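Structural description and commentary
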Amino acid sequence: MASRQRKVCAILATIAVATIGTVAACQSFTPAPEDSPDASQISPSDAGTQADAGRPQGAITLAAVAPGSANATGGAQVTISGTGFAAGASVTFAGAKATVLGATPTSIQVTLPPSPGPLGFVAVVVTNSDGSTASSAKLFRYFSTQAAFTPAPALAAISDGNGDAGLLLVTADLRGTSTRDLLASLGGSASIVSVLLGNKNGTFALAQTFGAGGPANALAVEDINGDSRSDLIYTAGNRATIGSMVSQPDGGLLPTSWAPTPFGAGTLHGIATGKISAKGPDIAINADDGILVYRGVGDGTFGIPTYTMDDINGTASAYQAIALADMGGDGILDAVITTQAPIASINVMRGQSDGAGHGDGSFAAPVGFTVGAPPIGLAVRDVTGDGHLDAITTDGTSLYVFPGDTKGLIGPATLYASGLSAQLVAFVAADLNGDGTVDVAMASSTGQLSLLLNDGLGTFSQGPVYQLSGFFDGGAPVPTLALVADDFNGDGRTDLAVGGGPSGASPAVVGVLLAK
C-alpha cells in the first residue's frame, strides 16, 4: 500500500499539481478499496481534472462593462470583461439579477434587468458557483429617458417700475443657509437688482429691490469676501461699468466701495468668476474682442485688470458669453467664450501659468469653431462621461455639443434639434432626472420648454416638451426670457425656474417647476 501511495504522489508531482493541498492529501493518504481504479491507471489528464474539481476557481476581477450605460427599463445586452469567470456565474446590477447569455474566463454576456430603482452608477456583482465574488460601482450606470415636473404653488413678481422687458436670473445662497435664492434684473433703465429669497418649497418671498451702480446687464455670483454667502458682481450702465454688492445675513445686498480701475476696453458683455490667480476669487469679463480679468485681493476688492485681446480667425469679433473651467485638467482655469458679429463662434482660450501652479490672468489665443448663427447661452459640463469638459451652446434652433479633448480644447460639434416650434431663447445644462448625467432644458420665446435627455455617453434623445402657459395659474412666464436650474425645495433633485412675460414687459413673473 505504501507503494501505491508513492505512485500516486509521483504522478501528481509529475503533472505539476503538487500544491500544498495535494501534499497534505498524500501525507494522510488512505488506500482506495480494491475495486477502485488503481492509481497507476490514472492518466495525467484525469489526475489534473480530479484535482481541479475541488480547487477554488480563483479570484474574480472586473475590468469593464460595455456599453457602460443603458436605459433603466432594462433589456439591453452588455458584456462584462475581467478575469476568473466560471460557467454558472451569476450577475446582478443594483441587486437585480441579470440573465447570463454566455461566459468565458474573461467575459460574460448578459441581458440587463430593469433598474430596481437606483439611477446613475450602480453596483455590478459577479458571483461564481464556488462563492467567489467581485463587484464594482464605477463601471456601469442606468440612465433614464423620462423626466417630469410639477409647478410650485405660487409665482413671484419682479418689477423695476419702468416697464422694462428684459430679464436676467441667477441662483444664489444669499443667507449662507443652503436655501436657494434668486437674483434678478430686468436689464432696462432702472439701476436696481431684485432679490427673491427662497422659502425652500419652490416659492419665494416678495421681491426686494436694491440700488446698483447702473442698470445691470449681466450678473454673476461669487463669495468674494469669504463669509460663505453669495455676493453679486454685475456690469451696468449700457455695459460700460462694473459693480459688486455683498450679501447680508438677512439676504439683503450692500454695495461695496470697490471702484474698478478704468481700462478703456469698450463694451462689457458676459461675466464669469473663479479662482484664476493664487488669491482669488477673480472676475473675468468679455469685453468687445478680448477678456478683462480683475484679480481678487481676498477682501471683496480687486486689483488692476489685465486684458487679453485676440481676434477670431484674424477678425475682430464681439465677445459675448464667457465661462471659466479647467479644460485641460492642469489646475489652471481656462476661458470658454462665444462671439457674435461678424463671426459667430465658440472658442477655448487656455489660461496661462504664473509659474507657481496658478493662472497669471492672461489667456492664449482662441481656438474653436464657428456656429451657424450668433450663439445663445453657454455651458461647460462633462456630458460624455469621459472626464473631459465639453462645451454647449445653441444657435437659436439647434443644440451644439462640442466634446472636450485631452489637450483642453474642443472638437467638432454634434447637433441636436431643440424640439421647440419657436426661437430658442435660453437653456440650462443639469441633471434633470436624477440619473447622474447632464441633460439640457431649453425654453422658447413662446413659452415652450423642451428637455433633451442624456444617455450618459453624450448622446441626447428628445424628452418631454411642455407648454408653460398650461402650468401656472395667475399668468405664466410667456414669452420666456430666462431659465435657471437649482434645487429650490431641498429634496436633492434639480428644479427649473423660468421667468418672463406674461406680456413681455414689467412686471415679469418667475415660476418654479419642481422635479417629480
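The coordinates are above.
This write-up is about the structure you can find in this document.

**A closer look at the sheet that holds strand 17 (residues 208-211)**
Pairing in this open sheet of four strands is antiparallel, and the strands run 14-15-16-17 from one edge to the other. For this open sheet the edge positions go to strand 14 (168-172) and strand 17, each flanked by a neighbour on one side alone. Sheet twist, expressed as the mean angle between neighbouring strand axes with direction ignored, is 25°. Pairing analysis gives three bridges linking strand 15 (residues 181-185) to strand 16 (residues 192-196), with the strands arranged antiparallel. Within the sheet, the bridge partner assigned to L183 lies in strand 16 and is V195.

**Quick look at the pairing of strand 34 (residues 398-402)**
Within strand 34, five of the five residues are buried, which leaves the element mostly enclosed by the surrounding structure. Of the two faces of strand 34, the one lined by S398, Y400 and F402 and the one lined by L399 and V401 are each fully buried. Relative to strand 34, strand 33 (residues 390-394) is paired through four bridges, and the arrangement is antiparallel. Residue I392 lies in a different strand from strand 34, and its bridge partner there is V401. Count of turn residues in the strand 33/strand 34 antiparallel hairpin: three residues, of which G396 carries a positive phi of about 95°. Both strand 34 and strand 35 (residues 414-417) contribute to a ladder of four bridges, which runs antiparallel.

**Quick notes on unusual backbone geometry**
For residues that are not glycine, phi is negative in most cases, and the peptide bond is trans in most cases. The step from A66 to P67 runs through a cis peptide bond, and the omega angle for that step is -10°. For P67, the location among the structural elements is in the loop between strand 1 (61-66) and strand 2 (69-71). Here G280 and P281 are connected by a cis peptide whose omega angle stands at -5°. Mapped onto the secondary structure, P281 falls in the loop between strand 22 (268-274) and strand 23 (282-287). A positive phi angle is found at K200, which is not glycine, with a value near 65°. The residue S228 is not glycine, and still its phi comes out positive at about 65°. Its place among the elements puts S228 in the loop between strand 18 (216-222) and strand 19 (231-236).

**A look at the sheet that holds strand 27 (residues 334-339)**
The strand order across the open sheet built from four strands is 26-27-28-31, with neighbouring strands paired in antiparallel fashion. Lying at the two open borders of the sheet, with one neighbouring strand each, are strand 26 (319-325) and strand 31 (367-370). Within this sheet the neighbouring strands show an average axis-to-axis angle of 15°, counted without direction. The pairing of strand 27 with strand 28 (residues 345-349) spans five bridges and is antiparallel. Looking at the pairing, A335 lines up with M349 of strand 28.

**Overview of the pattern of salt bridges**
Side chains that differ in charge, positive against negative, can pair when their charged atoms come close. This model, assessed by the stated rule, comprises six salt bridges. Put simply, D227 and R229 hold a salt bridge, and the shortest N to O gap is 3.0 Å. The buried category is assigned to R229, whose relative accessible area is 16%. Of the charged contacts, one joins R350 and D330 as a salt bridge, the two residues approaching to 3.1 Å between their closest N and O atoms. Taken as a pair, R350 in the loop between strand 28 and strand 29 (351-353) and D330 in the loop between strand 26 and strand 27 lie far apart in primary sequence, 20 residues in all. Its relative accessible area of 19% is what places R350 among the buried residues. When its relative accessible area of 39% is taken as the criterion, D330 is described as partly exposed. Residues participating in the shared-partner salt-bridge network are D330, D334 and R350.

Basis of the calculations
Residues numbered from 1 in each chain as written. Predicted model: local features only at pLDDT ≥ 70, side-chain atom pairs only at ≥ 80, totals over all residues. Heavy atoms only, no water. Pairing = 2+ DSSP bridges. Helix = DSSP H or I, 4+ residues; strand = E, 2+ residues; numbered from the N terminus. Axes fitted to C-alpha atoms, helices over the stretch in contact; angles between N-to-C directions. Buried < 20%, exposed > 50% of the residue type's maximum accessible area, 1.4 Å probe, protein only. Salt bridge = Lys/Arg side-chain N within 4 Å of Asp/Glu carboxyl O.

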